[in-house]
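This is what each chain is made of:
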Amino acid sequence: MKTEEYRSIEDLLDRFFEGQTSNEEERVLYEFFARPDIPAHLERYREVFGYFESGIALDFSETPELRLPAKEISYKRKIGWAIAVCVAASLLLFLVNTVFMNQNASFNPYEGSYIVRNGVVMTDIKKIQPELEVISRAAEAMEKNADQLLRNADEIAYLPERMNKRFEKKRETLLRNIPDTQVRKEVYKILELDK
């Protein structure tokens, strides 16, 4: 019975120093440490709870300096942390190794490609890579042809404007070369050129 009570008190102590106890649980601790029959391994906490029970009300200049006992980390917790650190380090090494190993592998843009010929899917990259390269070159050539056609279409759209300017220049030159001013004026009127 006493060992169960002591375990309960030890659990309450752990929770108390972590700030997780209720007022009722703290009252249980104060009552326990006020008793005269405390086991030796818990005796070091008597002064602490005596201070919390009555010492807080005293003037701080009169109170002796109290130190809380250092919390002991259990062996199981230490082992647990060691295992967790080992697992994390292993995962980190695995990820780093995977990343650096994949950087050395050559990149193949055709990886995962396939073609269908006569209803049969071909995925062997060695067989289909030459055909894929031919198709790629043909697509590039078609793109160049399309660019050239667009440039030609722009030139054709601009051609009438250029032709009109040339025609007007030649007509002006011809009209200026007419020696008789009276004839020149009549030609301007006929062509509806107000000059």
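Chemist: Would you take a moment to explain the packing of aromatic side chains for this structure?
Modeler: Here a ring pair, both rings aromatic, is described through the centre-centre distance and the interplanar angle of the planes. One pass over the structure, following the stated rule, counts five aromatic pairs. Cluster of aromatic residues (ring-pair linked, three or more members): Tyr6, Phe16, Phe17, Phe32, Phe33 and Tyr45.

Chemist: Help me understand the UniProt feature "transmembrane region" (unreviewed entry) in the protein chain, please; the structure alone is not making it clear to me.
Modeler: The feature "transmembrane region" (unreviewed entry), as given by UniProt, occupies residues 79-100 in the numbering adopted here. Along residues 79-100, the helical share is 100% and the strand share 0%, with 32 Å between the first and last C-alpha atoms.

Chemist: Which parts of the structure should I look at to understand the side chain of Thr21?
Modeler: Looking at the secondary structure, you find Thr21 in the loop between helix H1 (2-17) and helix H2 (23-34). A distance of 3.0 Å separates the side chain of Thr21 from the side chain of Glu26, its partner in a polar contact. For Thr21, the residues in contact, after removing those within four places along its chain, are Leu12, Arg15, Phe16 and Glu26.

About the cut-offs
- Residues numbered from 1 in each chain as written.
- Predicted model: local features only at pLDDT ≥ 70, side-chain atom pairs only at ≥ 80, totals over all residues.
- Heavy atoms only, no water.
- Phe/Tyr/Trp six-rings, centres within 6.5 Å; stacked < 30°, edge-to-face > 60°.
- UniProt positions renumbered as here; feature names shortened; annotations may be inferred.
- Helix = DSSP H or I, 4+ residues; strand = E, 2+ residues; numbered from the N terminus.
- Polar contact = N/O pair within 3.5 Å; in protein donor to acceptor, adjacent residues only side chain to side chain.
- Contact = heavy atoms within 4.5 Å.

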